[in-house]
Amino acid sequence: MKRALRDESGASLVMVLVLVTVIALGVTAVLSLADTSVRTTVELRDQAAAIYDADGAMQTAVNSIRNSDYHNGTGQNCFGGSNTLTLNNFSSSGSASVTCSPDPARVLIQCPSLSQCNRPGNAILTLGKVSGEDGLHIDQPNSGSSFNVHGIVFSNSNINVTSGALTTNTRVYARGACSGTIVSNPAPSCNYGAVANPLGDDPSYSPSISSPPAYRPVPSCTGTVITFEPGYYDDAVGLTDLMSGGGSCKDKVWWFKPGAYYFDFHNSGANSNPALPSGTNVWTVDSGKLVAGTPVNSTGAVLASPPANPTIPGSCQNPIKDPTATGVQFIFGGDSQFAVKSGQAEICGTYSANKPPLAVYGLKTGSDSTTVTNGLTAPTVSATNFTPATAAAVANIETTYAAGSFSSFANAGNSSANGQINLTGYPVSIPAGSNLLSAKLRIGHRFTPGSGGSPSESLSTVVTPKNGTPFTVTVPTGTAAGQVDSLDVTSSLRTFTHDSGLTGLDLAFKSVLKKGTTDLDGIQLDLSYIAPAFRANTGCVTATPYTGNGNASRCALVTTVNNNGNQFYVQGTTYAPRAAVDLTLNNVAEQVFRFGVIARSLWVKLTGSFSFAGPVIEVPDDSPGFVFSVYLNVFLCQGSGTCAPTGTPALRSKVAYVDADPVTPSPGHRQVVVLSWSTPS
């Protein structure tokens, strides 16, 4: 009994020892967990503090550059005198320093380049550097008037304000001198010299098409709205006569449907086309209302066609207001010119995400050339009384008649007989709108009289252009020795070729013969022509110096004439890098040039009836920003009063700064774009 009790007491002791051990282990684990938690909390708190300190230091550096005029110019440092920003005792935990290294590349954040941006960098950009020619010339009726512009004005030569003031909401640059009153913010930078500034560069925009579109004749005067199809137009006289104030078609609506138009007039000068009426290469709108683009009503709703009396401005879909706008591009080549006299005109461009809505475009490159195709022969031959009737028998004409392969027609009788050989399918391909310089038939033939009787031969060739009207050419009677005649058919084919193109030709050689033999060695066709081509502005349009009031030797690409009835608006960008633009403005209801004007020289005259108080030429406020970027590295030194920029940075970032003007940024008004933000540690 006592033994049993002793055994139970031992078991109880073991249980107590186990219980004590378990409790001890549990307490130890709890204490260890508590210690780890405390240490983790302290460590996380330190990490959070470091992150906050790094963020704060980075923001300080970003704002320091934002509020400065640093733009990665020669001799500049990011932070005034140094590329390191020292932030001693920056926070309660220590100090910081930030290093800055500029990215050598400068890009446009909104656009890859000025030529691929949907907004020009300037409201006015003149590119000419011509002695005796004003880059920008402003003439106003009195000293109290103001020519207002919204956007940067940049002249690569001079600015001449003869009366009144040139006023813009931002900057004005002139590489040459400035004369007259110019109001800008800040003051105008005149005699700017050769300072590199992309705002003054030619953006080198490309036209919307790379070659001339299909030829279009001037439409007939039918109905109230005269519709023009996109295409190539070469007749300034025809366009002017249609829109004349004294003609039978005056005061109509001239609707140019959306698309690309190429105007290269050939009514006068060395490049004139005899198929066209003679006159000047100036297309003048002297009556009616010209609507170019998608027509809309007063609410902006798209219409199937313009009404009988459209409201100008506001007649066509505006690419500045509507990103779905589909408009026109008027491309001018050679010495072609456009003038608005007594009519009204509104030209609306097409919205694009990567280029301005170019509405008026003067070509800066391109030339035409003469095409010569000699010795064309027919692939198919058939005959009546001529043998053999094969293509081989009537090929390979020499410059003088030589016996060889030929087709013969013989008649031994004294009564006339008819022989004919048909040559079809001459491989001709001349596009409509071409200037046919020369078309000649070279015919090698021989007449061998028979003995006795009265031998005779009467020859002719019927020429049938494909889809055209046949005409007959008399061929001289042959000789016994043979001959090669060159017959000029240029005048008979010129107008048809210009209007419809020459895409094939058939010939029928005929002989009325008695007592003899006609041998045909062959007929070959020689052609020389100038096909439509993109031609750089040339002639009087590029003659310098332009001094206003254009004349036959020096003219402007676009002109508005002093007439109180005219109005002219371009809803888009005007680009004429080789030419002058000369405007006389009377009754203006809104901006004349939306989205800027780029020209060799710009002349503007405001008349006494001009009363519009807003900007005449503008570019939107969200014009492209010139960007430079920097790499910023933050270094932290906790518990120290100073901090050297060594070791692994706590924070690294690439930051871009956007300036409307790349050379003279406006401190505090610069856009900041964070391109990357990382913690290397």
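First, a word on what this report is: a plain description of the structure on this page. (Residues numbered from 1 in each chain as written. Predicted model: local features only at pLDDT ≥ 70, side-chain atom pairs only at ≥ 80, totals over all residues. Heavy atoms only, no water.)

**A word on the overall build of the protein chain**
When you go through the protein chain residue by residue, the secondary structure sums to three helices and 38 strands. Residues classed as buried in the protein chain amount to 48% of the 681 residues present. For the protein chain, long-range pairs separated by at least 24 residues make up 70% of all intrachain contacts whose partners lie at least 6 apart in sequence. In the structure as shown, the protein chain presents an accessible area of about 28800 Å², 53% of it carried by carbon and sulfur atoms. (Helix = DSSP H or I, 4+ residues; strand = E, 2+ residues; numbered from the N terminus. Buried < 20%, exposed > 50% of the residue type's maximum accessible area, 1.4 Å probe, protein only. Contact = heavy atoms within 4.5 Å. Areas by Shrake-Rupley, 256 points an atom, 1.4 Å probe, with all protein chains shown as cover.)

**Some thoughts on the state of the cysteines**
A complete count under the given rule lists six disulfides for this structure. Between the sulfur of Cys637 and that of Cys643 lies a disulfide, 2.2 Å long from S to S. One disulfide, between Cys637 and Cys643, carries an S-S torsion of 70 degrees and so falls in the right-handed class. On the basis of relative accessible area, Cys643 is assigned to the buried category, the value being 9%. (Disulfide = S-S within 2.5 Å.)

**Some remarks on the pairing of strand S13 (residues 259-263)**
Summarising burial for S13: four of the five residues are buried, a large majority. Inspection of the sheet shows strand S11 (residues 231-233) paired to S13 by three bridges, in the parallel sense. Pairing of Gly231 across the sheet is with Tyr261, part of S13. As paired elements, S13 and strand S16 (residues 328-332) share five bridges and run parallel to each other. By the bridge assignment, Tyr261 is partnered in S16 with Phe330. (Pairing = 2+ DSSP bridges.)

**Details of the sheet that holds strand S25 (residues 456-465)**
Taken in spatial order, the five strands make up an open sheet running S21-S23-S28-S25-S26, and their pairing is antiparallel. The open sheet has two free edges, formed respectively by strand S21 (380-384) and strand S26 (471-475), since each of these has just one partner strand. Here the strands of the sheet are splayed against their neighbours by 20 degrees on average, with no regard to which way each runs. When S25 meets S26, the two strands line up antiparallel, connected through five bridges. Looking at the pairing, Val462 lines up with Thr472 of S26. (Axes fitted to C-alpha atoms, helices over the stretch in contact; angles between N-to-C directions.)

Interpretation in functional terms is not warranted from these geometric data alone.
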